[in-house]
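Structural description and commentary
These are the residues of each chain, in order.
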Amino acid sequence: MPSDQPNFSQAIHTLSGALVAFAREHEFYRDAEVRQFELACQLAAYAKLQIPLDGTPLAHMTGRLGTHGSWALCTEMDPRCLEIPVALGVELALALAQGRRLQVDYLKLLRRDLKKIPAPGHEGPETAADLRALGVGKYWRQAFAGKVKRLEAIVAQRTGRRVLTDVNLSEVALEHKAHVRATALNANVKVRSGARNHRQLTAAQMDTYQADLRSRLAMQSPGAVVEAISLFTGLSARGAMTLALGGEALPGELLTLDLKRGGLHVAINHLSDRQRWDVDPGQIYLPVRVRYFVPWPIELLAPLRDLAATARLAPDAWQPVIRVVDILPQGDRDHQITAGASALAVDEPDTRGFTSTAARARNTFPTQARESGMKATHRAYAMFRLDQVGHARPWYVRVDNDDFVADWCKFLVGEGWSTEPQQQEPGQAFGSPYLPRDRSLQAIWGYYVQRVDGCPKGRRMSLSTVIDVHNAYADFTAMALSFLLGLRLSTQYELNADSALPDAEMLTLTDKSDPNKTGSRFAVLTPLVRELLANWYAHCAALLGRYQRDPQAGKTTVGAEVMAHLAQVVQHDPVPALFRIYKNGARPANSKTTWDVLPPLLRCEDNVGRHYWCSQLHRAGCSDKAIDLFMRHIVAGNSPMSVYAGVSIAQLTNEVGTLQMQQIAKLGLGMATGLRKA
């Protein structure tokens, strides 16, 4: 520290407070450095009392930032400045662990973001969430994550234990994930369709098997517990025995068995390999959990609890996680089912080859749930059978926790199992982290409408004003179509004037960015979409008339290019239908130009429509085929275009269109008007 450091007590208070803030946010460091945490708390409290008595002027720091930039942050920051103290604390903790000085460049990035943070006591209730939209942490958040990982490695080396985080799965968790993912990827058409086949039991056989399994669980027969776990989860015997035991969801584990609560904690953020799941909802999105809970029947929980009470094991340094195999007697661990032999303890009549094996029972369980009316999304989450839905369904659907638990327990009771009363959790959900709130959607939609209505309109408009009106209306139309059609992120919206017609019922799109999944997908045009397209073409016709009446418009190269493109759009030639007009000509609309016009506090994902309508269709009880049709998920077996669909495309389109019209009317989302309506 420089000898003439101004406001010494302020610097000590800031540093110690930042260390305390980081330790409270990351418990692994607080648990490893208990004494350091206590001393930092005492030092922060003492330095806070000395700040009013410290009269050293701040002017000494002027001009010395290049030499002592590390300390400039300390004189300006308050420990209550939202995220900055935690980011400063990890750097201080890492510097203490490595025996080095603070990194000046990193602290300069933190100090730069201080200007975006309001004074303590003046921020709104959701300011911390809104700061990310303003760019806070854009230049240092990745470095912060790297410092946390390095510090975790140092702590793990010192303590001799492996420190697991949500992004660092254990070897067992990786095996569970590989099994769940492989089940979805390797399923054939018949399995995805849910039709019974020779690899499954009949309904009568399944009833007999489950009754026999419940009797064997009551007698605690060898292998019955593992067999039941395999039935409910679809895991192999090895996967069932390696489930972790804990009173809550354990870090580093995909599946955690909670015997006290009576079920399984599942880390949904590891089931689907997508972007970051730990999204700060802020004012835009509804909050979701990254884990959910699957209740298990009492018949299975009772023997497991008895075994756990008898074992009385506790985690230690050599065995940080207790697993199911640790509480099982040796007979259960060694129990083997003869391949092809019946799993029933009672004799069954001649089945003509369809023996009631445990493997066939596992294959039949999802089919039983499907025939009972359980939603496909709920089946996928409860039984880890992602082959029942598209691979992206967990990412796009927001599932209400109470609805999921009620649907699952209803199915179990219908199969003859007993369930414990479940505590209601109103408002709790898991799944899509990008479902916008109703008021946020109204604000976003209204912003685009206001941009169009705010432009002066009239017969005497200048050409520049006409272009401003057109660009604002093009942004609104592109936003509305992207939202209602659930368009993916794209460098150019593939809506051509020759195919995106107001009287068309379907449209082919190739907006998948994955080269292994290319191909045409059919988008359904609902009444709202057709109305938007009709108004857009009427607007383009009026705009072409304006250009033709302007004596100077066609004399320039840009003007001639715009007029030629407008004529092609009006005549429905194969050219991009949505476009904006720039100084260098007409350019097709895309995700960036459409959604980046939003102010920072309203900025949302470019494909927010996919998240919104997929969740709304699920919540409204629409069929899973309707969801797949809207999402354009084409997977052999459960595709709405499949021969196994059993429902017409017109019926599915009507489901989607009716819901969209009801929801738009409910939220009061008005349509902007361009130069002319259809």
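Worth saying up front: this structure is predicted, and the values here are computed from it rather than measured.

Regarding the overall build of the protein chain
Helix and strand counts for the protein chain come out as 28 helices and 11 strands. For the protein chain, buried positions account for 51% of its 678 residues. Here the analysis covers contacts within the protein chain between residues at least 6 apart in sequence; of these, 71% occur between residues at least 24 apart. Accessible surface, the protein chain as shown: approximately 31100 Å² in total, 52% of it carbon and sulfur.

Focus on the environment of Ala538
Checked against the element boundaries, Ala538 lands in helix H23 (residues 527-549). Residue classification places Ala538 among the buried positions, given a relative accessible area of 12%. Between the C-alpha atom of Ala538 and that of Lys677, which follows or precedes it by 139 residues, the distance is 5.8 Å.

So, the packing of helix H11 (residues 203-218) against helix H17 (residues 358-372)
For the pair H11 and H17, the least separation of the axes is 10 Å and the interaxial angle reads 110°. In terms of their interaxial angle, H11 and H17 are classed as roughly perpendicular. For H11 against H17, the interelement crossing comes out left-handed. On H17, the residues that touch Ala203, Met206, Asp207, Tyr209 and Gln210 of H11 are Ala358, Ala361, Thr364, Phe365 and Gln368. Across the contact of H11 with H17, the residue classes break down as 6 nonpolar, 3 polar and 1 charged.

Side note on the sheet that holds strand E5 (residues 322-323)
Strand order in this open sheet of 5 strands is E4-E3-E2-E1-E5, and the pairing throughout is mixed. Of all the strands in the sheet, the pair left with one neighbour each is strand E4 (291-295) and E5.

Focus on the pairing of strand E10 (residues 579-582)
Pairing between E10 and strand E11 (residues 585-588): 4 bridges, direction antiparallel. Among the inter-strand pairings, Ile581 is bridged to a residue of E11, identified as Ala586. Counting the residues between successive antiparallel strands, the hairpin from E10 to E11 contains 2 residues.

With respect to the nonpolar core
In this structure, Tyr209, Tyr292, Trp296, Trp408, Phe476 and Trp536 are the most contacted members of the largest nonpolar core, which totals 149 residues. Looking at this core element by element, the count peaks at 14 residues for helix H22 (residues 463-485). Not counting residues within four places of it along the chain, the set of residues in contact with Tyr209 comprises Leu201, Arg216, Glu227, Leu231, Ala343, Leu344, Ala358 and Ala361. If you look at the next biggest cluster of nonpolar residues, it comprises 31 residues, including Leu107, Leu110, Leu114 and Val136.

Thoughts on unusual backbone geometry
Despite not being glycine, Gln220 has its phi angle at roughly 55°, a positive value. Residue position: Gln220 is located in the loop between H11 and helix H12 (224-233). By relative accessible area, which is 40% here, Gln220 ends up partly exposed. The phi angle at Phe384 is positive, at roughly 60°, despite the residue not being glycine. Tracing the backbone shows Phe384 in the loop between helix H18 (376-383) and helix H19 (393-396).

Regarding the pattern of salt bridges
Summed over all chains, the structure comprises 16 salt bridges. For Arg580, the salt bridge identified is with Asp475, shortest N-O distance 2.9 Å. With Arg580 in strand E10 and Asp475 in helix H22, this pair connects stretches of sequence that are 105 residues apart. According to the relative accessible area criterion, Arg580 is buried, its value standing at 13%. In this structure, the salt-bridge partner of Glu561 is Arg587, at a minimum N-O distance of 3.4 Å. Residue Glu561 is found in helix H24 (residues 557-570), and its partner Arg587 is found in strand E11; the two are separated by 26 residues along the sequence. A residue is classified by how much of its surface remains accessible, and Arg587, at 32% relative accessible area, is partly exposed. Among the charged side chains, a salt-bridge network with shared partners connects Glu91, Arg100 and Lys147.

A word on the packing of helix H5 (residues 84-98) against helix H6 (residues 104-113)
Running from N to C, H5 and H6 cross one another at 170°; their axes reach a closest spacing of 11 Å. Between H5 and H6, the crossing angle belongs to the class labelled roughly antiparallel. On the side of H5, the interface is formed by Ile84, Ala87, Leu88, Val90 and Glu91, while H6 contributes Tyr106, Leu107, Leu110 and Asp113. Broken down by class, the residue content of the contact of H5 with H6 amounts to 7 nonpolar, no polar and 2 charged.

A look at the packing of aromatic side chains
This model, assessed by the stated rule, comprises 25 aromatic pairs. Relative to Phe144, the ring of Trp140 lies with its centre 6.5 Å away and its plane at 90°, an arrangement referred to as edge-to-face. Judged on exposure class, the residue Trp140 and its partner Phe144 are both buried. Ring plane angle 70° and centroid distance 5.1 Å describe the contact between Phe232 and Trp417, whose orientation is recorded as edge-to-face. In this pair, Phe232 is assigned in helix H12 and Trp417 in the loop between helix H20 (401-414) and strand E7 (429-431), connecting sequence segments 185 residues apart. Overall, Phe232 belongs to the buried group, its relative accessible area being 0%. For Trp417, a relative accessible area of 2% corresponds to the buried category. One aromatic cluster is present, formed by Trp445, Tyr473, Phe476, Phe483, Trp536, Phe579, Tyr612 and Trp613 through successive ring pairs. Above the ring of Phe37, the side-chain terminus of Arg30 is found at 6.0 Å from the ring centroid.

A word on the pairing of strand E3 (residues 263-267)
Of all 5 residues making up E3, 5 are buried, and the element is well covered by its neighbours. Where strand E2 (residues 255-258) meets E3, 4 bridges bridge the pair, whose relative direction is antiparallel. By the bridge assignment for E3, Leu257 is matched with Leu264. Pairing of E3 with E4, which is carried by 5 bridges, proceeds in the antiparallel orientation. Each bridged residue has a counterpart across the sheet, and for His265 the counterpart in E4 is Phe293.

Focus on the confidence of the model for the protein chain
Chain-level pLDDT for the protein chain is 81 on average; 81% of the residues reach the 70-or-more range. Element-level mean pLDDT values for the protein chain span from 52 in helix H4 (residues 69-76) up to 94 in H20. Residue range residues 122-126 is modelled with pLDDT below 50. Its contacts to residues more than four positions away, or to other chains, number 5 contacts. Segment residues 162-166 is flagged for pLDDT under 50; beyond a separation of four residues in sequence, or across chains, it makes 17 contacts in the model.

Calculation rules
Residues numbered from 1 in each chain as written. Predicted model: local features only at pLDDT ≥ 70, side-chain atom pairs only at ≥ 80, totals over all residues. Heavy atoms only, no water. Helix = DSSP H or I, 4+ residues; strand = E, 2+ residues; numbered from the N terminus. Buried < 20%, exposed > 50% of the residue type's maximum accessible area, 1.4 Å probe, protein only. Contact = heavy atoms within 4.5 Å. Areas by Shrake-Rupley, 256 points an atom, 1.4 Å probe, with all protein chains shown as cover. Axes fitted to C-alpha atoms, helices over the stretch in contact; angles between N-to-C directions. Parallel < 35°, antiparallel > 145°, perpendicular 65-115°, else oblique. Left-handed = near helix turned anticlockwise from the far one by under 90°. Nonpolar A, V, L, I, M, F, W, Y, C, P; charged D, E, K, R; others polar. Pairing = 2+ DSSP bridges. Core = buried A, V, L, I, M, F, W, Y, C linked by side-chain atoms within 4.5 Å. Salt bridge = Lys/Arg side-chain N within 4 Å of Asp/Glu carboxyl O. Phe/Tyr/Trp six-rings, centres within 6.5 Å; stacked < 30°, edge-to-face > 60°. Lys NZ or Arg CZ within 6 Å of the ring centre and 35° of its normal. pLDDT = per-residue confidence, 0-100.

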